[in-house]
Amino acid sequence: LTVIAGVAGSGKSSLMQAFVKACDEPVIEIGQKDIGVSLRSTPATYLGIQEAIRDLFARQTGTEKSLFSFNAQGACPACGGKGVIVSDMAFMDRIETVCDLCHGARYHEKVLSYRVGGKSIAEVMALSVDEAIDFFAGEKFIAKLRALSQVGLGYVCLNQALSTLSGGELQRVKLASNLGAKGRIFLIDEPSSGLHLHDIHYLAALFDRLVDQGNTLFLIEHSLEFIKRADYLIELGPGGGNEG
């Protein structure tokens, strides 16, 4: 675990980008804007969980898999599977209102009549990650749900648009997709940004686990909690700009 520290503008990001270009091995970069976000992308779609849930619904109901996708056949005809109606305003920011037909469920009315475990696809996708872990106990994709919970996102709903998550939450979604990595190099940009001290301790323990799995982590950080846990510390300075 190596922490790159220093005042703003001292060259931390520049140093690490130079390292990425010079490194012979692939580097997993996790920044706060690395995930492409849209109204259609969710934690479940990003990690491939939704695909597995669609397979389960199709198998148990004997219907087409595409019927259970809000990006395909199963989409609400009014909002096109977005769950909201977007009105572009020429003179101000666009306005989003909940769809009057599906009430934010995203799916066609016919799709909601099919049930697994007593729940429709919309009700299942509205579960939080922790609730989904209990609901899908025994399914093969449970490990992906646990990964989201382990990075502290157990409260996030499966169908929550990634565009509504904070930069730190987006970082943790990407981190969850790489929790099983071994022998890899990670570059993580300010993971403590906006986090409560309790969450920082939780995340630090997670990073220790990744290191124990044989991974190398570079953190661009200001937090003393991460700095004091580092095996190596590189500090740039004493000032910013030309003094970095």
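Report on the accompanying structure.

Calculation criteria
Residues numbered from 1 in each chain as written. Predicted model: local features only at pLDDT ≥ 70, side-chain atom pairs only at ≥ 80, totals over all residues. Heavy atoms only, no water. Pairing = 2+ DSSP bridges. Helix = DSSP H or I, 4+ residues; strand = E, 2+ residues; numbered from the N terminus. Axes fitted to C-alpha atoms, helices over the stretch in contact; angles between N-to-C directions. Buried < 20%, exposed > 50% of the residue type's maximum accessible area, 1.4 Å probe, protein only. Contact = heavy atoms within 4.5 Å. Patch = residues over 30% accessible without salt bridge, like charges linked within 9 Å, V, L, I, M, F, W, Y side chains within 5 Å. Areas by Shrake-Rupley, 256 points an atom, 1.4 Å probe, with all protein chains shown as cover. Salt bridge = Lys/Arg side-chain N within 4 Å of Asp/Glu carboxyl O. 1 Å grid on protein atoms, 1.4 Å probe; cavity = no way out; pocket = protein on both sides within 12 Å on 5 of 7 lines; lining within 4 Å. Points joined across faces, edges and corners; volume = space filled by probe spheres on them.

### Thoughts on the sheet that holds strand β7 (residues 232-236)
- Taken together, five strands build an open sheet; the order of strands is β2-β5-β6-β1-β7 and the sheet is parallel. Strand pairing shows two members of the sheet lacking a second neighbour, β2 (27-30) and β7, which therefore form its edges. For this sheet, the mean inter-axis angle between neighbouring strands, taken without regard to orientation, is 15°.
- With three bridges connecting them, strand β1 (residues 2-6) and strand β6 (residues 216-220) associate as parallel partners.

### Focus: helix α6 (residues 142-150)
- Looking at α6, one finds that the buried residues are I142, L145, A147 and L148.
- Tucked into the core, α6 has its buried residues touching α2 (43-46), α3 (49-61), α5 (129-135) and α7 (167-176).

### Topic: a nonpolar patch on the surface
- A surface patch of nonpolar side chains, amounting to about 330 Å² of accessible area, comprises F91, M92 and I95.
- Under the relative-accessibility criterion, M92 is labelled partly exposed at 45%.

### Details of empty space enclosed by the protein
- One pass over the full model with this rule turns up one cavity of 30 Å³ or more.
- Each pocket or cavity is described by its volume, and for the largest cavity that value is around 50 Å³.
- Together, I30, G168, Q171, R172, L175, I188, P191, L203 and F207 line the largest cavity.
- Elements with a contribution of two residues or more to the lining of the largest cavity: α7 and α8 (197-212).

### Some points on the environment of F186
- Considering the arrangement of structural elements, one finds F186 in strand β5 (residues 185-189).
- By relative accessible area, F186 is classed as buried at 0%.
- For the pair formed by F186 and V27, sequence separation is 159 residues and the distance between their alpha carbons is 5.7 Å.
- In this structure F186 touches V27, I28, I30, N178, A181, N215, T216, L217 and F218, once residues within four positions along its chain are discounted.

### Considering the pattern of salt bridges
- For the structure on display, the rule yields six salt bridges.
- In this structure, the salt-bridge partner of R54 is E51, at a minimum N-O distance of 3.0 Å. Of this pair, R54 and E51 both sit in helix α3, three residues apart, which is roughly one turn of that helix.
- The class of R54 is buried, set by a relative accessible area of 12%.
- Using a relative accessible area of 37% as the deciding quantity, one classes E51 as partly exposed.
- Across the pair E123 and R115 runs a salt bridge, and its minimum N-O distance is 2.8 Å.
- Relative accessible area serves as the criterion here: at 44%, R115 is assigned to the partly exposed category.
- Through salt bridges with shared partners, a single ionic network connects E51, R54, D55 and K65.

It is worth stressing that arrangement in space is one thing and function is another; only the former is reported here.
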